[in-house]
Amino acid sequence: MLKIDAHSHAGEGAAKWSGQQVVDRMDTIGVDKTVIFPFTEGFFHNEDIPKYVAENPDRLIPFCSVNPWNFHTAADELEKCYKEGFKGLKLHPTLCGFRLSDHKLVDPLFEITQTYGGVIIVHGSADLYNCPLEFDRMARRFPKVPLLMAHCGFFWEWELAIELAMENDNLYLETSRVPGFETSKIIEKLGAEKVIWGTDGPFCDYEWEYKKIERYAKTEHDFDMIMGGNIANLLKL
Ligand SMILES: [Zn+2]
């Protein structure tokens, strides 16, 4: 079964982290593939991602990111990316300053993603703009779009995140930077089929992100689904 990291940044922004650096670190613990997208602070673009994927086509999976406040260009940029082979979209409501469930700013991006069969991953800590209830609204509004909540509503709302992921077939919880106790409960209560492994590289203890799944997945099957099976199904790999 493939081991796939569903969340890594690459390029220049809050850190400098090339596609080759992503791959070199994957090789330290035997990860097969990683979803990469830009850092989303300030001005950012998607131009480095295809270059990194071209260097390591079997290892890196391209997602793009846009700031929905650029409403004259964001939808066009997203559509262009899907046409060029990007597989999904990353949004960061807190850093970019928009509510995830804002009709005017975000609905067009979900509509385009649905058209192209993409996957959406969104920063999902318990902040105002991307709290779990914002995910609930979008999962209900776009039930055909797979939606990943990065960081599982940590810190205050991880239990609510579990409830909402149980209520929405298309809402998945992604485990990057979630501590051990919460990770164990998320896997236990939600079930391995709705939990997806990600690391938020380079901002993580990479080996620990891996070890915590190894530690808390109850069976080999659960481990395989969390570590790559679920995201492979969503990306039709
Ligand atoms: Zn991130």
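Everything in this summary refers to the structure shown in the same document. (Residues numbered from 1 in each chain as written. Predicted model: local features only at pLDDT ≥ 70, side-chain atom pairs only at ≥ 80, totals over all residues. Heavy atoms only, no water.)

This part covers empty space enclosed by the protein. In this structure the tally under the stated criterion is 1 cavity of 30 Å³ or more. Reported here for the largest cavity is a volume of approximately 50 Å³. Lining the largest cavity are Asp5, Ser8, Trp17, Val22, Arg25, Met26, Thr34, Thr199, Gly201 and Tyr206. At the level of secondary structure, the elements contributing two or more residues to the lining of the largest cavity comprise strand 1 (4–9) and helix 1 (19–29). Sorting elements by how many residues they give to the lining of the largest cavity places helix 1 first, with 3 residues. Taken together, the residues of the lining of the largest cavity sort by class into 4 nonpolar, 4 polar and 2 charged. (1 Å grid on protein atoms, 1.4 Å probe; cavity = no way out; pocket = protein on both sides within 12 Å on 5 of 7 lines; lining within 4 Å. Points joined across faces, edges and corners; volume = space filled by probe spheres on them. Helix = DSSP H or I, 4+ residues; strand = E, 2+ residues; numbered from the N terminus. Nonpolar A, V, L, I, M, F, W, Y, C, P; charged D, E, K, R; others polar.)

Evaluated as defined, the whole model comprises 10 salt bridges. Salt-bridge contacts for Glu77 lead to Lys80; the nearest nitrogen and oxygen are separated by 3.8 Å. Here Glu77 and its partner Lys80 are both found in helix 3 (residues 74–83), 3 residues apart, which amounts to about one turn of the helix. Taking relative accessible area as the criterion, Glu77 reaches 24% and is therefore assigned partly exposed. Through salt bridges with shared partners, one network takes in Glu77, Lys80 and Glu84. (Salt bridge = Lys/Arg side-chain N within 4 Å of Asp/Glu carboxyl O. Buried < 20%, exposed > 50% of the residue type's maximum accessible area, 1.4 Å probe, protein only.)

A separate point is the environment of Asp76. In this structure, Asp76 sits in helix 3. For Asp76, a relative accessible area of 55% translates into the label exposed. Spatially, the C-alpha atoms of Asp76 and Pro108 are 10.0 Å apart, while their sequence positions differ by 32 residues.

It is worth stressing that arrangement in space is one thing and function is another; only the former is reported here.
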